[in-house]
Structure formats: C-alpha cells, structure tokens
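Each chain is listed here by its residues.
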Amino acid sequence: DGGITQSPKYLFRKEGQNVTLSCEQNLNHDAMYWYRQDPGQGLRLIYYSQIVNDFQKGDIAEGYSVSREKKESFPLTVTSAQKNPTAFYLCASSIFVQKGARDTEAFFGQGTRLTVV
Amino acid sequence: AQTVTQSQPEMSVQEAETVTLSCTYDTSESDYYLFWYKQPPSRQMILVIRQEAYKQQNATENRFSVNFQKAAKSFSLKISDSQLGDAAMYFCAYRRLGGSNYKLTFGKGTLLTVNP
C-alpha cells in the first residue's frame, strides 16, 4: 500500500543533542513537507521540498535542518539550536499541483512525538 | 504571504444536528485550492473536502459541504447530521496554483466536540 511512514513514533532527546526524524513515502510525490504542531498553534511549516536536492525554509526553520537526497525520503534533524523542540512533528507529501489535477491534497504520516528530557 | 484564519478555537454540537466551522484566508492569487482536514485523537490527518477556487460550485462530500465565498475569502465547513465520530480538530488549509505552489498553509484549527 502506498503511503507515508514516519519513524520513530516517540523520540526522547537530551539537552544539547541532535536527533533525526525519518520520513519516507512511496507515493511518487514530488513535494514533501515538515510541520510542527503545538497546542493552540495549528500546523506550522518548518521546511518543504519540491525536488531532490532542493528545499526551502518554512515559517519556523531556525534550529532545524533537512536533506532531500532521494525523492522518497525527507529526514528532519532537530539540532541543539532549537530551544524548545518538544512538539508533535508531521511529515507530508503531495503532487505538483496543476489546474484540474486530481489528488491535490497533501498526504500525512502518523507523526513523531519528540520530548526533551 | 498567504494566511488562514480560523476564528473559533472550539465548537460543540449535539449528535444529529448541524454545525458550521468558519475559515477565512488572505491571498492575492486568483487560482488556488482550499481544504478541510480532520485530526481525530489518533492525530492522523484526514482530508475531509477540497475546493478549487476556479469552480463556483460548492464542494460536497456526503454529510460535509462547504460554503465558498471567493470575493469574501471565506471557506466554511458545514457538517450535517453530526456523529460522535466527527469529534476532532478541524484544520482549514490553502494551497496556491502555479509557481512554487507546493506550500500548504494551515489555520490554527477548531476543536469540535459532539455531545450525545
């Protein structure tokens, strides 16, 4: 079955540590996204990528880094520079939208809950 | 920059009744897509309904329908015959068409409670 897989489901980070969240999709989608979700804040865009080896900063990119070496994969690294990393992280993917295109929505993974300990 | 505003942090409805969730957005584009997503307690994001801005007809999916007012930049979701399984966080989202159109912008969400 096609879909998006995020791992791990739960992740614990010590102060000063970098951690990497995995996101893999087999939908052959061009675009991939990382969102952060906090209570009362909705989904805020961290980074997004349309093609391999290209990505753009979203609204809250500070303290995060990404790579897009393969079309299927878009890992997110939460660095020690991110002062408040405890949150729920969602990865998504979508096609490049054209007028009249079907399946224009983004498909989401099941999320990773990151907690600083 | 595009913004999406959901002015109702929380809403409640009695089972079998109808509820409307509000969404407004700001854009200078003429072609774009709008979406409503549902996030139940499992936190899996589920697409409820989508609307193409170039279509005047309001989208409908079973008990879910939208009232799309392009000039007013309004996109409300109506849930008819509400069911207990409709209880969730609902997010309105915007996506432009053309150019760097892959960016998807969300509102802050509306938490819907369904009372038996």
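All values reported here derive from a predicted model rather than from experimental measurement.

## A word on the state of the cysteines
Part 1 of the argument: Going through the model one piece at a time under the given rule, you end up with two disulfides over all chains.
Part 2 of the argument: The disulfide that involves Cys23 of chain A links it to Cys91 of chain A, with 1.9 Å between the sulfurs. Classification of the bridge connecting Cys23 of chain A and Cys91 of chain A rests on its S-S torsion, roughly -75 degrees, and on that basis the disulfide is left-handed. Here the residue Cys23 of chain A occupies a position in strand E3 (residues 19–25), and Cys91 of chain A occupies one in strand E9 (residues 87–94), the gap between them amounting to 68 residues. In terms of burial, Cys23 of chain A and Cys91 of chain A fall into one category: buried.
Part 3 of the argument: Here Cys23 of chain B is linked by a disulfide to Cys92 of chain B, with a sulfur-sulfur distance of 2.0 Å. In this structure the cystine formed by Cys23 of chain B and Cys92 of chain B twists about its S-S bond by roughly -70 degrees; its chirality is therefore left-handed.

## Focus on the packing of aromatic side chains
Part 1 of the argument: In this structure the tally under the stated criterion is 16 aromatic pairs over all chains.
Part 2 of the argument: Ring centres of Tyr33 of chain A and Tyr35 of chain A lie 6.0 Å apart, and the angle between their planes is 25 degrees; this geometry places the pair in the stacked category. Pair check on accessibility: Tyr33 of chain A and Tyr35 of chain A agree, each one buried.
Part 3 of the argument: Look at Phe91 of chain B and Phe106 of chain B: their rings are 6.4 Å apart centre to centre, the planes differ by 90 degrees, and that puts the pair in the edge-to-face class. Highlighted residues: Phe91 of chain B in strand E10 (residues 88–96) and Phe106 of chain B in strand E11 (residues 104–106), separated in sequence by 15 residues.

## Here's the deal with a nonpolar patch on the surface
Part 1 of the argument: On the surface, Tyr10, Phe12 and Val117 of chain A cluster together into a nonpolar patch covering about 370 Å² of accessible area.
Part 2 of the argument: Structurally, Phe12 of chain A is set in strand E2 (residues 10–13).

## Observations concerning the pattern of salt bridges
Oppositely charged side chains are able to pair whenever their charged atoms sit close together.
Residue and element names in this part refer to chain A.
Part 1 of the argument: A full pass over the atoms with the stated rule returns seven salt bridges over all chains.
Part 2 of the argument: The residue Arg36 makes a salt bridge to Asp38 at a minimum N-O spacing of 2.7 Å. Summarising the burial analysis for this pair, Arg36 and Asp38 share the class buried.
Part 3 of the argument: Linked through salt bridges whose partners overlap, the residues forming this network are Arg36, Asp38 and Arg44.

## Thoughts on the interface of chain B and chain A
Part 1 of the argument: With 23 residues of chain B at the interface, the matching set in chain A holds 32 residues.
Part 2 of the argument: Summed over both sides, the interface between chain B and chain A buries roughly 2300 Å², with carbon and sulfur atoms accounting for 54% of that surface.
Part 3 of the argument: The tally of links between chain B and chain A comes to zero salt bridges.
Part 4 of the argument: The interface formed by chain B and chain A contains seven residue pairs in polar contact (both at pLDDT 80 or more).
Part 5 of the argument: Counting only elements with at least two residues in the side of chain B that touches chain A, the list comes to strand E5 (32–39), strand E6 (46–52), E10 and E11 of chain B.
Part 6 of the argument: Sort the elements by how many residues they give to the side of chain B that touches chain A and E5 of chain B lands first, with four residues.
Part 7 of the argument: Of the residues in the side of chain B that touches chain A, the class split is eleven nonpolar, six polar and six charged.

Cut-offs and rules
- Residues numbered from 1 in each chain as written.
- Chains lettered and ligands numbered in written order.
- Predicted model: local features only at pLDDT ≥ 70, side-chain atom pairs only at ≥ 80, totals over all residues.
- Heavy atoms only, no water.
- Disulfide = S-S within 2.5 Å.
- Helix = DSSP H or I, 4+ residues; strand = E, 2+ residues; numbered from the N terminus.
- Buried < 20%, exposed > 50% of the residue type's maximum accessible area, 1.4 Å probe, protein only.
- Phe/Tyr/Trp six-rings, centres within 6.5 Å; stacked < 30°, edge-to-face > 60°.
- Patch = residues over 30% accessible without salt bridge, like charges linked within 9 Å, V, L, I, M, F, W, Y side chains within 5 Å.
- Areas by Shrake-Rupley, 256 points an atom, 1.4 Å probe, with all protein chains shown as cover.
- Salt bridge = Lys/Arg side-chain N within 4 Å of Asp/Glu carboxyl O.
- Contact = heavy atoms within 4.5 Å.
- Buried area = accessible area lost by both parts, 1.4 Å probe.
- Polar contact = N/O pair within 3.5 Å; in protein donor to acceptor, adjacent residues only side chain to side chain.
- Nonpolar A, V, L, I, M, F, W, Y, C, P; charged D, E, K, R; others polar.

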